[in-house]
Amino acid sequence: MSRLLRGLYEWTMEKAAHKHAVWWLAFFCFIEASFFPIPPHPLLGLMCLAKPKKALWFAFVATAASVIGGLFGYAIGYFLFESVGVPLLTAIGLIDALPQAQCTFDELGVYAVIIAAATPVPFKLLTITAGFLSMDLIPFILASIAGRALIFMTVGILFQIFGRPIKALIDKYLGLLTTLFVVLVVGGILAMTLMGGDGEAADEECATAATEQVV
């Protein structure tokens, strides 16, 4: 499985040099928000690095495409959860996280979408779950825009302002940035798993109830 994911990652990164790279970026952002396992963030970074003057445009495209893709994930959860959603989450290894995602929605509501959209927590898990739980559509869209814009537009703005020199900064502080990324991942996961209830007992009760609902 790891070899397959690595192959998908390398194939995705190759599109940064494609003459239609912006369309590939939109495509990957769309499918990542609903079912694709590879995040589009590295692709966006490479494209911004290659053409810093277009970084803001790339970031806007990534944000818009990801939000639209999130709506597709929502539709899967709302209309096709059992026939498509469950097999899909199983295939990409996220089915075990579904009960806790449901618990997190019960506790955080719209903030759960913002957390998933702005952190490395798999956005697709929350978009499908939001549809399955029939979350109000307008708050879902607004939360998706807020979270995705936060993470994508920040990259675009940084490259737009600093241009290529930011690459030297990234190279210099690569170790620190890597550490911060890991902290971000862990923080996002903790937000999903620990903020979804008041203590272990509440978490277990919620997860059990959610699992029964899925089954």
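Placed above this text is the structure.
What counts, and where the lines are drawn
Residues numbered from 1 in each chain as written. Predicted model: local features only at pLDDT ≥ 70, side-chain atom pairs only at ≥ 80, totals over all residues. Heavy atoms only, no water. Helix = DSSP H or I, 4+ residues; strand = E, 2+ residues; numbered from the N terminus. Buried < 20%, exposed > 50% of the residue type's maximum accessible area, 1.4 Å probe, protein only. Contact = heavy atoms within 4.5 Å. Patch = residues over 30% accessible without salt bridge, like charges linked within 9 Å, V, L, I, M, F, W, Y side chains within 5 Å. Areas by Shrake-Rupley, 256 points an atom, 1.4 Å probe, with all protein chains shown as cover. Salt bridge = Lys/Arg side-chain N within 4 Å of Asp/Glu carboxyl O. Axes fitted to C-alpha atoms, helices over the stretch in contact; angles between N-to-C directions. Parallel < 35°, antiparallel > 145°, perpendicular 65-115°, else oblique. Left-handed = near helix turned anticlockwise from the far one by under 90°. Nonpolar A, V, L, I, M, F, W, Y, C, P; charged D, E, K, R; others polar. Core = buried A, V, L, I, M, F, W, Y, C linked by side-chain atoms within 4.5 Å.

Undergrad: Sorry, what's going on with the environment of Ala-143 here?
TA: Along the polypeptide, Ala-143 turns up in helix H9 (residues 137–162). Residue Ala-143 is classed as buried on the basis of its relative accessible area, which comes to 2%. For Ala-143, the contacting residues outside a window of four places in its chain are Val-110, Val-113, Ile-114 and Ala-117.

Undergrad: I keep staring at helix H6 (residues 98–108) and nothing clicks. Help me out?
TA: Note that an α-helix has 3.6 residues per turn; residues three or four places apart therefore point the same way. The buried fraction of H6 amounts to nine of the eleven residues, a majority that puts the element mostly inside the structure. Every buried residue of H6 is listed here: Leu-98, Pro-99, Gln-100, Ala-101, Gln-102, Cys-103, Thr-104, Phe-105 and Leu-108. A positive backbone phi angle near 60° is found at Gly-109, which sits one or two residues after H6.

Undergrad: What is the right way to read a nonpolar patch on the surface from this model?
TA: Residues Leu-56, Ile-157, Leu-158, Ile-161 and Phe-162 make up a contiguous nonpolar surface patch of roughly 450 Å² in combined accessible area. Here the element with the most residues in the nonpolar patch is H9; it accounts for four residues. Within the secondary structure, Phe-162 sits in helix H9.

Undergrad: Sorry, what's going on with the packing of helix H4 (residues 55–79) against H9 here?
TA: The angle between the axes and the distance between the axes are what describe a pair of packed helices. One can describe the packing of H4 onto H9 by two numbers: an axis separation of 8 Å at closest approach and a directional angle of 155°. Compared by their axis directions, H4 and H9 come out roughly antiparallel. By crossing handedness, the relation of H4 to H9 is classed as right-handed. Class assignment of the residues belonging to the contact of H4 with H9 gives a composition of 17 nonpolar, six polar and one charged.

Undergrad: What exactly am I supposed to notice about the nonpolar core here?
TA: Within soluble globular proteins, side chains that are nonpolar tend to cluster in buried spots. Core analysis: the biggest nonpolar cluster contains 25 residues, and Phe-105, Val-113, Leu-125, Leu-126 and Met-135 have the highest contact counts within it. Put simply, the parts of the chain that give this core at least two residues each are H4, helix H5 (81–91), H6, helix H7 (110–118), helix H8 (123–132) and H9. Excluding residues that lie within four positions of it along the chain, Val-113 makes contacts with Phe-105, Phe-123, Met-135, Phe-140, Ala-143 and Ser-144. Counting 22 residues, the second largest nonpolar core, distinct from the first, contains Cys-29, Leu-43, Met-47 and Ala-65.

Remember, this is a structural readout, not a statement about activity or role.
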